[in-house]
Amino acid sequence: MKVGLQSVLNDANIDAAQVNSQRQLSVSIAAIAESLSRSVPLNLCLILDHSGSMSGRSLDTVKQAAIRLVDRLSPGDRLTLVAFDHKAKVLVPNEVIDNPASIKLQINQLKAGGGTAIDEGLRLGIEELAKGKKDTVSQAFLLTDGENEHGDNDRCLKLAKLATDYNLTLNTLGFSDRWNQDVLEKIADAGGGTLSFIQYPEQAVAEFDRLFTRMQSVGLTNAHLLLTLAPDVRLAEMKPIAQVAPDTIELTVQQEAGKYLVRLGDLMVDAPRVVLANLYIGKLPAGEQPIAHVQIRYDDPAYSKEALLSETLTITANTVSPYQPALNADVQQHILALAKYRQTQIAETKLQQGDRTGAATMLQTAAKTALQMGDQGAATVLQVNATKLQAGEELSEGDRKKTRIVSKTTLQ
């Protein structure tokens, strides 16, 4: 595998008369399969809620979805099964798949009962997943339908950050309508994974399959974006870098040896990660000028290689007078995706503050942004919820959760 790296500005031209210009730098990163690329074993951990509220159809469909994943694993893949209610237990320790029937028996024996302690399940899952991380794609699927009533939410976030230090990816699945969307989103964002919403039990199999297919497409792991800026260029101070595809996530920026460093996590073959950096460019000489250098540091688990470096891309801007814009349509789409996400976040904050009118207005704005992107599914969800608020109706838990999901990605 190698890294496919592309980068472009939303407008490559700079007005020579301006002292300062703002530009969005789009960076697209993917794993590129080569003719002799080896397959990478999977290291999957299922962390499943079997508390009392999961009884009946809910737990039955989750068990069905989990068993289907066992059937999809290949020889050499690894699996861990952790179950939690108000405590947690390792039902299948991290091991190479050699007895699928035994694993399926453990899954089928799960019964609903007790409360919910997400952090304990997460702790055990990370411990077990880390045992099989060498030269594998290591991901956890954490599913819950409730609040962390017997646990500590801050501990969940600390554990998610610990998982990234171990080069593990955490995906979260909210089941039904009662789960805490803030906690699950923060776990997934910190863990470099994705947040999924299973509103109805019959959606469980398809959602597990979708995440597993996404995991199978990973070719490279532990990727970091390295960004070096020219002397007259700086990052925005507030929310400087965000991922906009395949999910929208605000990214944490660190500095290392004079470069800006952003962890990206796993790189997939069929779904590039697209990142937007918000740059301010000072007055530059006329003509084409270098403003930044972009490089990716990554691991290749198929060949047991770590801290590899991609080619370095040099980003240039063209200082012109008189100014004529040179807009890039793809980057404009990415800017709209980030705007949709942030507008929806503002709407949620206003709703929490009791400002229903302000929330409705921002949801309408986000719906218009979604329409500009051609994201009809998100536009419909956002506009329907705005209309409900304007009519004096309360948004259901399902309404709020679907709003969060469509703000981050395109509905499947």
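Residue positions are given per chain, counting from 1 as you read along its sequence in written order. At least 70 in pLDDT is required for a residue's local features to be given in this predicted model, at least 80 for side-chain atom pairs to be given and counted, and no such filter applies to totals for whole chains, interfaces and linings, which use all residues. Side-chain numbers here rest on the full set of heavy atoms in the structure, without hydrogens or water.

- As annotated in an unreviewed UniProt entry, the protein chain is VWA domain-containing protein from Stenomitos frigidus AS-A4.

**A closer look at the nonpolar core**
- Counting 37 residues, the largest nonpolar core has Leu-44, Leu-46, Leu-48, Leu-79, Phe-141, Leu-143 and Phe-208 as the members making the most contacts within it.
- Those elements giving two or more residues to this core turn out to be strand 4 (42–49), helix 1 (57–72), strand 5 (78–84), helix 2 (100–108), strand 7 (137–144), strand 8 (169–175) and helix 6 (204–216).
- Counting from the N terminus, the helices are the DSSP runs of H or I reaching at least four residues and the strands are the DSSP runs of E reaching at least two. It is helix 1 that contributes the most residues to this core, 7 residues altogether.
- Excluding residues within four positions of it along the chain, Phe-141 makes contact with Leu-44, Cys-45, Leu-46, Ile-47, Leu-69, Asn-171, Leu-173, Phe-208, Leu-211, Phe-212 and Met-215.
- Side-chain atoms within 4.5 Å link the members of a nonpolar core, which is a set of buried Ala, Val, Leu, Ile, Met, Phe, Trp, Tyr and Cys residues. Buried, partly exposed and exposed residues are distinguished by accessible area as a fraction of the type maximum, computed with a 1.4 Å probe on protein chains only: under 20%, between the cut-offs, and over 50%, respectively. Of all hydrophobic cores here, the second largest spans 36 residues; its members include Leu-9, Ile-29, Ala-223 and Leu-313. In what follows, residue pairs with any heavy atoms lying within 4.5 Å of each other are defined as contacts.

**Points about the environment of Asp-119**
- For Asp-119, the location among the structural elements is in helix 3 (residues 118–131).
- With sequence-adjacent residues up to four places away left out, Asp-119 is seen in contact with Asn-148, Gly-151, Asp-152, Arg-155, Cys-156 and Leu-159.

**Concerning the packing of aromatic side chains**
- Stacked, tilted and edge-to-face are the three classes assigned to paired rings of Phe, Tyr and Trp, where Trp is represented by its six-membered ring and a pair needs centres within 6.5 Å; plane angles under 30 degrees give stacked, over 60 edge-to-face, the rest tilted. Tallied over the entire structure, the rule returns 2 aromatic pairs.
- Residues Phe-141 and Phe-208 carry aromatic rings whose centres are separated by 6.2 Å and whose planes lie at 80 degrees to one another, so their mutual orientation is edge-to-face. Here Phe-208 lies in helix 6 and Phe-141 lies in strand 7, a separation of 67 residues in the sequence. Per residue, the accessibility class of Phe-141 equals that of Phe-208, and both read buried.
- The criterion is that NZ of a Lys, or CZ of an Arg, lies within 6 Å of the ring centre and within 35 degrees of the ring normal, and then a charge sits over that ring. Over the ring of Trp-179 we find Lys-401; its NZ or CZ atom is 5.1 Å from the centre of that ring.

**Points about the packing of helix 4 (residues 153–165) against helix 5 (residues 181–190)**
- Fitted lines through C-alpha atoms serve as axes, helices being fitted only where they are in contact, and the angles separating the N-to-C directions of these axes extend from 0 to 180 degrees. One way to put it is that helix 4 packs onto helix 5 with a least axis distance of 8 Å and a crossing angle of 15 degrees. Our classification of the angle between helix 4 and helix 5 gives roughly parallel. Judged by the twist between their axes, the crossing of helix 4 over helix 5 is right-handed. For the pair helix 4 and helix 5, contact is made by Asn-153, Cys-156, Leu-157, Ala-160, Lys-161 and Thr-164 and by Val-183, Lys-186, Ile-187 and Ala-190, respectively. To sort the angles, those under 35 degrees are grouped as roughly parallel, those over 145 as roughly antiparallel, those from 65 to 115 as roughly perpendicular, and the leftovers as oblique. Each crossing gets its handedness from the near helix: less than a right angle anticlockwise from the far helix is left-handed, clockwise is right-handed.

**Thoughts on the state of the cysteines**
- Any two cysteine sulfur atoms within 2.5 Å of one another count as a disulfide. One pass over the structure, following the stated rule, counts 0 disulfides.
- The thiol of Cys-45 is not disulfide-bonded; the next cysteine sulfur, from Cys-156, is found 14 Å away.

**Notes on the pairing of strand 6 (residues 88–96)**
- A strand pair is defined by DSSP finding two or more bridges across the two strands. Note that strand 5 and strand 6 share 6 bridges and pair antiparallel. Across the sheet, residue Phe-84 finds its bridge partner in strand 6, namely Ala-88.
- The antiparallel pairing of strand 5 with strand 6 creates a hairpin that spans 3 residues between the two strands.

**Some details on the side chain of Thr-144**
- Relative to the helices and strands, Thr-144 is located in strand 7.
- Ignoring sequence-local partners within four residues, the contact set of Thr-144 consists of Asp-49, Phe-84, Thr-116, Ile-118, Leu-173, Gly-174, Phe-175, Trp-179 and Leu-184.

**Brief notes about the packing of helix 9 (residues 376–390) against helix 10 (residues 397–408)**
- Where helix 9 contacts helix 10, the two axes come as close as 9 Å, and the packing angle between them is 140 degrees. Regarding the angle of helix 9 to helix 10, the classification is oblique. Judged by the sense of rotation from one axis to the other, the crossing of helix 9 with helix 10 is left-handed. When helix 9 is examined against helix 10, the residues Ala-378, Val-381, Leu-382, Asn-385 and Lys-388 are found in contact with a partner set consisting of Asp-399, Lys-402, Thr-403 and Val-406.

**Focus on the pattern of salt bridges**
- Salt bridge criterion: a side-chain nitrogen from Lys or Arg within 4 Å of a carboxyl oxygen from Asp or Glu. Scanning the model with the defined rule gives 26 salt bridges in all.
- With a closest N to O distance of 3.6 Å, Asp-11 and Arg-23 form a salt bridge. Note that Asp-11 is positioned in the loop between strand 1 (2–9) and strand 2 (13–15) and Arg-23 in strand 3 (residues 20–32), a separation of 12 residues in sequence. Each member of the pair, Asp-11 as well as Arg-23, carries the same accessibility label: buried.
- Arg-297 is paired through a salt bridge with Glu-256; the nearest N and O atoms lie 2.9 Å apart. With Arg-297 in strand 17 (residues 287–300) and Glu-256 in strand 14 (residues 254–256), this residue pair connects regions lying 41 residues apart in the sequence.
- Its relative accessible area of 36% is what places Glu-256 among the partly exposed residues.
- Each of Asp-182, Glu-185, Asp-189, Glu-348, Arg-404 and Lys-408 takes part in one network of salt bridges that share partners.

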